[in-house]
Amino acid sequence: MLQPVSETALNDIVDAKPQYARVYETPTGFDLASNTAFTSGQPFDYYRTLRETAPVAWTPVPHAAGFWAITRYEDVKRIELDPDRFSPQLGGINMAYGPPGKRHVRLHGAALNTLICLDRPYHVPLRMQHRAFFTPDYIAELRKKVEVKVDQLLDVMEKKGPVVDMVPLFSEQLPLFTLCEMMGVDEKDRPKVIRWMHYLELAGHMFAESAQGRRISPLFLAKFLWNVRQMFRFGEKILQERRRNPREDLLTAIAQAKLDDEPLPQEFLDGAWLLIIFAGNDTTRNSLSGTMKLLTEFPEQKQRLLNDPSLIRQMVPEALRLVSPVIHMRRTLKQEAEIAGQKIAAGEKVIMYYGAANRDPSVFKDPDQFMIGRENANDHLAFGMGPHVCLGQRVAAMQLEVAYERILDRFPNVRWTGKTTQAPNNFVNAISSLEIDLGK
Ligand code: HEM
């Protein structure tokens with residue numbers, strides 16, 4: 001029988017030491033457990049040191065269970081492909097959920113009671129029930145709407161230009177539009193989704209600060225709680241409405257989904273709502289902005305696209321490899337395992353660092369180089385791999401393609417000015433502003 005993951009997952013044990021002796025000494029120089037450390041971007045140099053000297057590195061977390069950081073491509077792949085041993089359900093996919101009593105109960109439940117945290121036997125049947133909205137035919141139709149939207153967004157940017165912040169004007173608008181079209185969220189309600197996403201992006205940092213006894217501004221906390229409440233209320237209302245009056249949209253598929261012949265309980269509807277607005281929005285937003293940085297840092301690659309725009313399709317997987325918008329996913333061991341000579345006990349956590357695996361030189365030659373047309377660019381792990389591989393990967397790639405076809409056609413001299421900011425978040429590469437010069 002389907003039980004809420006939030007009731008069955010193991011609670012993190014703070015300060016627990018690893019059961020087996022550590023084979024590798026964890027290098028110093030970066031704190032993977034810190035959210036603020038990621039405001040300067042992903043630590044690619046530190047990832048390199050980890051891959052070379054400590055591919056399975058014990059990392060304590062002050063407010064949650066410590067974990068083994070996994071940075072080599074083959075090790076990440078092995079974990080992804082063996083969910084019976086490395087389970088998302090047993091402890092969730094995030095680095096930290098906060099101790100009982102210090103959690104936001106509904107947010108905590110929704111973060112766990114969701115497709116991405118399910119193991120067998122429920123994961124596959126639930127995933128299959130979303131499938132109609134991720135087929136090539138569906139995406140080809142969606143693409144037509146995305147093309148129109150991209151042109152409208154670029155019109156606005158041009159009017160405000162030449163120097164603009166790409167994030168609020170473009171990178172966060174496009175994924176929001178696409179997702180709301182898929183979900184069937186009315187236009188008037190869409191700006192709220194962006195606001196909720198900003199608060200969600202700060203949730204991990206806020207709970208970590210609070211769990212470590214640091215003060216959270218009461219005003220921020222009040223706004224956060226209000227927004228989270230509104231987000232769940234809205235999701236509950238719209239999903240119940242779709243149960244009564246089905247439409248042709250993704251929210252109807254979620255509202256009508258069944259497990260064990262029963263409609264999903266409210267906990268799982270909350271989880272589906274949270275997953276879809278976060279997974280689909282934030283990730284694509286960051287890959288749109290991250291690609292602009294790459295095109296500026298590698299002008300000769302940009303010139304190749306200008307000379308031959310048909311290369312944009314090949315640029316997308318290479319950009320995703322280098323940007324790696326999702327920083328990590330966590331798994332909990334159901335049985336003990338040995339990775340790169342390190343024994344890991346049942347119940348302990350491993351965290352897969354996609355950005356590190358995606359720059360593993362044993363798989364990608366000159367891994368820090370942006371090389372459009374790289375022969376194995378599609379082997380990147382930015383979307384994960386195996387049974388949980390990103391359901392929205394084609395939707396994301398389509399948006400990147402359309403966006404850069406239109407951007408480069410209209411603004412061939414566009415460039416990032418060098419100014420950018422990132423939110424404190426060690427889970428997604430959260431680019432919150434990116435100044436660009438449209439060059440005209
Ligand atoms: C560049 C954009 C995106 C990136 C980098 C990304 C990345 C990921 C990653 C790393 C996972 C976990 C894979 C694993 O555990 O092996 C995932 C899962 C998922 N993604 Fe995405 N994603 C993106 C866009 C989207 C979009 C646009 C949607 C929806 C429209 C979406 C929906 C999902 C869902 C539903 C899952 C859970 C799948 C499952 O557990 O079966 N993602 N994504």
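Above this note sits the structure.
A quick note: this is a predicted structure, and the numbers were derived from the prediction, not measured.

*Asks:* Looking at this model, I keep getting lost on the overall build of the chain. Mind explaining?
*Replies:* Helix and strand counts for the chain stand at 16 helices and twelve strands. Against the compact-globule benchmark of 22 Å for 440 residues, the chain has a radius of gyration of 21 Å, which places it among compact chains. When the backbone C-alpha atoms are referred to their principal axes, the chain occupies close to 60 × 55 × 45 Å. Of all 440 residues assigned to the chain, the portion counted as buried reaches 45%. The long-range share in the chain, meaning contacts at least 24 apart out of those at least 6 apart in sequence, stands at 78%.

*Asks:* Looking at this structure, how should I read the site of the ligand?
*Replies:* The environment of the ligand is made up of 27 residues, and the closest members are G280, T283, G384, C390 and G392. In terms of residues, the shell around the ligand owes the most to one element, helix α12 (residues 266–297), which gives six residues.

*Asks:* What is the right way to look at the sheet that holds strand β7 (residues 328–333) in this model?
*Replies:* Within a sheet, neighbouring strands are paired by backbone hydrogen bonds and run either parallel or antiparallel to one another. Sheet architecture is open: five strands sit in the order β1-β2-β10-β7-β3, paired in mixed fashion. Only two strands of the sheet have a single neighbouring strand rather than two, namely β1 (56–61) and β3 (86–87). As paired elements, β3 and β7 share two bridges and run antiparallel to each other. Within the sheet, the bridge partner assigned to F86 lies in β7 and is L333.

*Asks:* Help me understand the sheet that holds strand β11 (residues 415–422) in this model?
*Replies:* Here three strands make up an open sheet; going across it, the order is β4-β12-β11 and the pairing antiparallel. Edge positions in the open sheet fall to β4 (163–165) and β11, since each of these has one partner strand only. Neighbour-to-neighbour, the strand axes of the sheet open up by a mean angle of 15 degrees, direction not taken into account. Pairing geometry for β4 and strand β12 (residues 431–437), over three bridges, is antiparallel. When the sheet's bridge partners are listed, V163 is paired in β12 with D437. Its contacts with the sheet put α12 on β11 and β12, and the angle it makes with β12 is roughly 40 degrees.

*Asks:* What exactly am I supposed to notice about the pairing of strand β10 (residues 349–353) here?
*Replies:* The side chains of a regular strand alternate between both faces of the sheet. The buried fraction of β10 amounts to five of the five residues, a majority that puts the element mostly inside the structure. Direction of pairing for strand β2 (residues 64–70) relative to β10: parallel, over a ladder of three bridges. Within the sheet, the bridge partner assigned to I70 lies in β10 and is M352.

About the cut-offs
- Residues numbered from 1 in each chain as written.
- Predicted model: local features only at pLDDT ≥ 70, side-chain atom pairs only at ≥ 80, totals over all residues.
- Helix = DSSP H or I, 4+ residues; strand = E, 2+ residues; numbered from the N terminus.
- Rg over C-alpha atoms; globule rule 2.2 N^0.38 Å.
- Buried ≥ 20, exposed ≤ 12 C-beta atoms within 10 Å, placed from the backbone.
- Contact = placed C-beta atoms within 7 Å.
- Near = placed C-beta within 6 Å.
- Pairing = 2+ DSSP bridges.
- Axes fitted to C-alpha atoms, helices over the stretch in contact; angles between N-to-C directions.

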